[in-house]
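Examining the three-dimensional arrangement
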Amino acid sequence: MASPEPLRYQGGFGNQFASEAVPGVLPLGRNSPQKAAHGLYAELLSGSAFTAPRAENRRTWMYRRQPSVVVGGYAPYAQPWWKSGAADGVAAPPDPLRWAPTPVPEAEAQPLDFVDGLRSIVVNGDVDAQVGMAAHIAFINRSMTQRAFVNADGEMLLVPQQGTLMITTELGLLQVAPGEIALLPRGLAFKVAVDGPLRVYVCENHGAHFRLPELGPIGSNGLANPRDFQAPVAAFEPDAAPHELIKKYGGRLWAARSAASPFNVVGWHGNLAPLKYDTANFMTIGSISFDHPDPSIFTVLTSPSDTPGTANCDFVIFPPRWLVAEDTFRPPWYHRNLMSEFMGLVLGQYDAKPEGFRPGGASLHNCMVPHGPDADAFERASNAPLAPHKLDNTLAFMFESRYRFRPTEWAMNGGALDAAYADCWRNLKDGFQ
Ligand code: FE2
């Protein structure tokens, strides 16, 4: 890949970016000249309907050595652990569910790249109807070299938990480490290189693309600020080596040979771009008087549904922060919600579940399934002195959806399910006097 070192990025969420790996390849004042410069092809990637409102419209023009139409002849590709849509899940009782972290297999015993190493945990919605999402965990111990992946079923939000990813996309390179996230648009080819065993949480969003939440009374700054999102600069593979293309399409995977590398875009401009974001830049807001606010104050990105305020998917983080509220039970309260909550832990401890919920693990609290702090956390938080307290060295997150999740067969029977999870509330006493 002809790339600058160290990697350079362009800042902004949804900006009109422009980048050239070779000066002069972008046409000026037009998008599709009769002859594109340097003998390149112009190709448009639309991430929204042509007629979507301006604020939601996403598209990018690419100037490339070969248009992506030259690949054809897809055959089914076996990846039985990658599931899509509620129909691919199994029936599960209305219990809270929790999973222990699964170790990344040794590469010699079981070589796994991003595509083969992905395991679906929970699914909802319908890929053909473009609603819902899936939460996966990818276990990776080898790089994709002459292999690329395209997801026509949704954009992908990557939350690395262990190890650093180097992501080659059609629009350039992103390096993403734990604490950071990557957002890869629907339909954009990419491949993932690793330098050791990796564990990555993945949200596959079948619905409306993620955008920054409205801020309301918070005002014009705060939470995730747009300038902290980073898009790559244009870069291409000069050797144009053949690639195997794996495409996710209609809930199934398909494979085809491509005589050329799909990473052949020499210049591009537009506002549909892969992005990375460092959660350390999230401006966290919390109570400076009393009461635990709703966790929506921790929303990084939201994929709206057709019902206002009722997300297809919210991506929410619980980063390091100060707790200062007075006369307040400071951990999350006991609750049951319309929305369904899939949680993961990148590092450290989560304050409502200091034990049992471990980095690399996961939990599911589905629609109207009661949950809250475990008995020990309740006891501790009810009696703790309410001095200012820093929750540090922690990063939990949530994929929250209006659609009930169905766990997959692998999630229920793959060996990581914590059969004793509900016991963590068993010692909650009736303290009525
Ligand atoms: Fe919750």
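Residues numbered from 1 in each chain as written. Predicted model: local features only at pLDDT ≥ 70, side-chain atom pairs only at ≥ 80, totals over all residues. Heavy atoms only, no water.

Topic: the overall build of the protein
Selection rule: Going along the chain from the N terminus, every DSSP run of H or I of four or more residues is numbered as a helix, and every run of E of two or more is numbered as a strand. Atoms counted for the radius of gyration: C-alpha only. Globule rule: 2.2 Å times the number of residues to the power 0.38. A residue counts as positive if it is Lys or Arg and as negative if it is Asp or Glu; His and the chain ends are not included. A single reference atom marks each charge: NZ on Lys, CZ on Arg, CG on Asp, CD on Glu.
A tally of helices and strands in the protein yields 2 helices and 28 strands. Its C-alpha radius of gyration of 22 Å places the protein within 12% of the 22 Å reference for a compact globule of 433 residues. Taking the average place of the 35 positive charges on the side chains of the protein and the average place of its 42 negative ones, the gap between the two points comes to 6 Å.

A closer look at the side chain of histidine 209
Here is the rule: With a 1.4 Å probe rolled over the protein chains alone, any residue whose accessible area is under 20% of its type maximum counts as buried; one over 50% counts as exposed, and the rest are partly exposed. The contact criterion used is simple: two residues touch if any of their non-hydrogen atoms lie within 4.5 Å.
Along the chain, histidine 209 falls in the loop between β15 (198–205) and β16 (230–232). Residue classification places histidine 209 among the buried positions, given a relative accessible area of 17%. When sequence neighbours within four positions are dropped, the list of residues in contact with histidine 209 reads Gly47, Glu56, Arg58, Glu155, Thr302, Ser303 and Pro304.

Here we look at the environment of tyrosine 77
Counting through the fold element by element, tyrosine 77 comes out in the loop between β5 (75–76) and β6 (97–99). Setting aside chain neighbours within four positions, we find tyrosine 77 in contact with Val115, Asp116, Arg147, Glu244, Ile246, Leu253, Trp254 and Ala255.

Some details on helix α1 (residues 375–383)
At 3.6 residues per turn, the α-helix brings residues three or four places apart onto the same side. For clarity, the cut-off: Here, the arc refers to the directions that run from the helix axis to the C-beta atoms.
Burial in α1 covers these residues: Ala375, Ala377 and Ala381. For α1, the angular spread of the buried residues around the axis is 160 degrees, confining them to a single face. Facing away from the buried side of α1, by more than 90 degrees, are the exposed residues Asp376, Arg380 and Asn383.

A word on the packing of aromatic side chains
Quick note on the threshold: Classification of ring pairs rests on two measures: the distance between centres of Phe, Tyr or Trp rings, Trp counted by its six-membered ring, which must be within 6.5 Å, and the angle between planes, read as stacked under 30 degrees, edge-to-face over 60 and tilted in between. The rule is short: NZ of Lys or CZ of Arg within 6 Å of the ring centre and within 35 degrees of the ring normal puts a charge over the ring.
Evaluation of the coordinates by the stated rule reveals 19 aromatic pairs. Considering the side-chain rings of phenylalanine 329 and phenylalanine 378, the 5.5 Å spacing of their centres and the 45 degrees angle between planes classify their relative orientation as tilted. Of this pair, phenylalanine 329 sits in the loop between β23 (321–323) and β24 (340–347) while phenylalanine 378 sits in helix α1; the two residues are 49 residues apart in sequence, bridging distant segments of the chain. We classify phenylalanine 329 as partly exposed; its relative accessible area is 24%. Among the aromatic residues, those joined into a ring-pair cluster are Tyr201, Phe315, Phe342, Phe397 and Phe399. Taking NZ or CZ as reference, arginine 119 lies 4.0 Å from the ring centre of tryptophan 81, over its face.

Some thoughts on the environment of glutamine 16
For glutamine 16, the position within the fold is in the loop between β1 (9–11) and β2 (17–20). Sequence separation of glutamine 16 and arginine 227 is 211 residues, and the distance between their C-alpha atoms is 13 Å. Residue contacts for glutamine 16: discarding those within four places in its chain leaves Arg59, Gly270 and Asn271.

Notes on the pattern of salt bridges
Where charged atoms of side chains with opposite charge meet at close range, the side chains can pair. Stated formally: Any Lys or Arg side-chain nitrogen located within 4 Å of an Asp or Glu carboxyl oxygen qualifies as a salt bridge.
Counted according to the given criterion, the structure contains 13 salt bridges. A salt bridge links arginine 64 to glutamate 43; the shortest N-O distance between them is 3.7 Å. Of this pair, arginine 64 sits in strand β4 (residues 59–64) while glutamate 43 sits in strand β3 (residues 41–46), and the two are 21 residues apart along the sequence. Judged on exposure class, the residue arginine 64 and its partner glutamate 43 are both buried. The network of salt bridges with common partners includes Asp113, Asp116, Arg147 and Glu244.

Digging into the coordination of the iron ion
The condition is simple: The donor set covers N, O and S atoms within 2.8 Å of the metal, switching to 3.2 Å for Na, K and Ca, and it leaves out water, so a site may look short of donors. Only two sets of limits are used to name each site, 85 to 135 degrees for every angle of a tetrahedral four-donor site, and over 155 degrees for opposite donors with all other angles from 65 to 115 for a square planar four-donor or octahedral six-donor site, with any other site named irregular.
Here the iron ion is held by the protein donor atoms His335 (NE2), Glu341 (OE), Glu341 (OE) and His371 (NE2), which lie 2.1 to 2.4 Å from it. Coordination at the iron ion is irregular: its 4 donor atoms span angles of 58 to 159 degrees at the metal. According to the relative accessible area criterion, glutamate 341 is buried, its value standing at 4%. Look at histidine 371 and you get buried, because its relative accessible area is 8%.

A look at the domain arrangement of the protein
Convention followed: By convention here, the domain bounds are inherited from an automatic or database domain assignment. Defined in terms of a 1.4 Å probe, buried area is the accessible area two parts forfeit on being brought together, summed over both. Counting of polar contacts relies on pairs of N or O atoms within 3.5 Å, with two restrictions inside protein: one atom must be capable of donating a hydrogen and the other of accepting it, and residues adjacent in sequence are counted only when both atoms are side-chain atoms.
According to the domain assignment, the protein consists of domain 1 (71–261 + 274–279) and domain 2 (281–416). Distance between the C-alpha centres of domain 1 and domain 2: 23 Å. Taken residue by residue, the interface counts 57 residues in domain 1 and 48 residues in domain 2. When the buried surface of domain 1 facing domain 2 is broken down by residue, Trp99, Tyr201 and Leu223 rank first, second and third, together holding 15% of it. Applying the counting criterion to the domain 1 and domain 2 interface returns 0 salt bridges. In this assembly, domain 1 and domain 2 are joined by 26 residue pairs in polar contact (both at pLDDT 80 or more).

Overview of the sheet that holds β24
Basically, it comes down to this: Two strands qualify as a pair provided that DSSP identifies no fewer than 2 bridges between them. Helix axes are fitted only over the stretch in contact, all axes being lines through C-alpha atoms; the angle between N-to-C directions runs from 0 to 180 degrees.
Pairing within the open sheet is antiparallel, and its 6 strands lie in the order β6-β25-β24-β27-β22-β21. Among the strands making up the open sheet, the edge pair consists of β6 and β21 (299–304). Geometrically, the sheet is characterised by an average inter-axis angle of 15 degrees between neighbouring strands, direction not taken into account. Bridge count for strand β22 (residues 311–318) against strand β27 (residues 395–401) is 5 bridges, and the pairing is antiparallel.

Considering a nonpolar patch on the surface
Using the following cut-off: Patch definition: residues with relative accessible area over 30% and no salt bridge; like charges joined within 9 Å; nonpolar side chains (Val, Leu, Ile, Met, Phe, Trp, Tyr) joined within 5 Å. A 1.4 Å probe and the Shrake-Rupley method give the accessible areas. Residues count as covered only by the protein chains that appear here.
Side chains of Ile288, Trp322 and Val324 sit close together on the surface and give an oily, nonpolar patch of about 370 Å² of accessible area. Among the residues examined, isoleucine 288 registers a relative accessible area of 79% and is labelled exposed.

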